[in-house]
Amino acid sequence: MQANETSSTLQFGDTASIAPAERPLGRAIKRGMLNRCPACGTGRLFRSFLKPVDNCAACGEDYTHQRADDLPPYLVITIVGHIVVGGYMMTDLVWPLSTWQHLAIWTPITLILALLMMQPIKGGTIGLQWALKMHGFNDKPVEAEAAPAYGDRTA
């Protein structure tokens, strides 16, 4: 073997060893909120208003196991509630309006804000789950058969 040839075997501690892919939390949430795949940033995340795609068209990331069920509506209710109640209270201090006038102002604002915020917040939630490797987004393949739970009997 000549002195300038390199060996093809890897030793412990080499920089070419396989490392888990980096998943920055902020970048994943930002990509999800922009309706993009948290993994690659190029593929679309939703096929309809709130229905995520099964797989990313660009990188093939699987989204069938995501669990963004209840958190996005709770976050939207909290954010919109603070905006609307704060706006109502500030408006009521400056201009004394009747109840019907407040309803005419704040009901459409509430509905529009809720509809505009729902998809980005759900995308951010999916990005959060992907970055934290929650609900099947881990690097390991999911095992087909799980161990029986405590108290389960096998025949």
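Keep in mind that what you see is a predicted model, and the values were worked out from it rather than measured.

**Examining the overall build of the protein**
When you go through the protein residue by residue, the secondary structure sums to three helices and zero strands. Along the protein, helices (α) and strands (β) appear in the sequence α-α-α when read from the amino end. Counting all 155 residues of the protein, 24% fall into the buried class. Considering only contacts within the protein whose residues lie at least 6 apart along the sequence, 58% involve residues at least 24 apart. Accessible surface computed for the protein: about 11400 Å², of which carbon and sulfur atoms make up 62%.

**Details of the state of the cysteines**
Taken as a whole and assessed by the stated rule, the structure comprises zero disulfides. You can see Cys 40 has no disulfide; the closest cysteine sulfur is in Cys 56, sitting 3.7 Å from it. Cys 59 supplies the cysteine sulfur nearest to Cys 56, a cysteine that is in no disulfide, at a spacing of 3.6 Å.

**So, the packing of helix 2 (residues 71-94) against helix 3 (residues 99-131)**
As a packed pair, helix 2 and helix 3 sit with axes 8 Å apart at the nearest point and diverge in direction by 150 degrees. The orientation of helix 2 relative to helix 3 falls into the category roughly antiparallel. Considering the relative orientation of helix 2 and helix 3, their crossing is right-handed.

**Digging into a nonpolar patch on the surface**
A cluster of nonpolar residues, Leu 71, Leu 75, Ile 79 and Ile 83, forms a patch on the protein surface that exposes about 290 Å² of accessible area. By the element assignment, Leu 71 lies in helix 2. For Leu 71, a relative accessible area of 38% gives the class partly exposed.

**Some details on the packing of helix 1 (residues 25-33) against helix 3**
In contact at an axis separation of 6 Å, helix 1 and helix 3 are set at 145 degrees when each is read in the N-to-C sense. As for the relative orientation of helix 1 and helix 3, their crossing is right-handed in sense. Residues Leu 25, Ala 28, Ile 29, Gly 32 and Met 33 of helix 1 form the contact with helix 3, whose participating residues are Pro 120, Gly 123, Gly 124, Gly 127, Leu 128, Trp 130 and Ala 131. By residue class, the composition of the contact of helix 1 with helix 3 is eight nonpolar, four polar and no charged.

**What about helix 2?**
Its 24 residues give helix 2 an end-to-end C-alpha distance of 35 Å, which sits within 8% of 34 Å, the value for a rise of 1.5 Å per residue. Those residues of helix 2 that fall on the buried side of the exposure criterion are Pro 72, Val 76, Val 80, Val 84, Gly 87 and Thr 91. Those residues of helix 2 that are buried lie in contact with helix 3.

**A few points about the pattern of salt bridges**
Tallying each qualifying case throughout the model produces two salt bridges. Across the pair Asp 54 and Arg 47 runs a salt bridge, and its minimum N-O distance is 3.6 Å. Asp 69 is paired through a salt bridge with Arg 67; the nearest N and O atoms lie 3.1 Å apart. Under the relative-accessibility criterion, Asp 69 is labelled partly exposed at 42%.

**Focus on unusual backbone geometry**
Excluding glycine, residues mostly carry a negative phi; peptide bonds, for their part, are mostly trans. The phi torsion at Asn 35 lies on the positive side, around 65 degrees, for a residue other than glycine. Positionally, Asn 35 belongs in the loop between helix 1 and helix 2. Its identity is not glycine, yet Lys 133 carries a phi of approximately 55 degrees, on the positive side.

Reading the values: rules and limits
Residues numbered from 1 in each chain as written. Predicted model: local features only at pLDDT ≥ 70, side-chain atom pairs only at ≥ 80, totals over all residues. Heavy atoms only, no water. Helix = DSSP H or I, 4+ residues; strand = E, 2+ residues; numbered from the N terminus. Buried < 20%, exposed > 50% of the residue type's maximum accessible area, 1.4 Å probe, protein only. Contact = heavy atoms within 4.5 Å. Areas by Shrake-Rupley, 256 points an atom, 1.4 Å probe, with all protein chains shown as cover. Disulfide = S-S within 2.5 Å. Axes fitted to C-alpha atoms, helices over the stretch in contact; angles between N-to-C directions. Parallel < 35°, antiparallel > 145°, perpendicular 65-115°, else oblique. Left-handed = near helix turned anticlockwise from the far one by under 90°. Patch = residues over 30% accessible without salt bridge, like charges linked within 9 Å, V, L, I, M, F, W, Y side chains within 5 Å. Salt bridge = Lys/Arg side-chain N within 4 Å of Asp/Glu carboxyl O. Nonpolar A, V, L, I, M, F, W, Y, C, P; charged D, E, K, R; others polar. Expected span 1.5 Å × (residues − 1).

Just distances and angles here, no functional claims.
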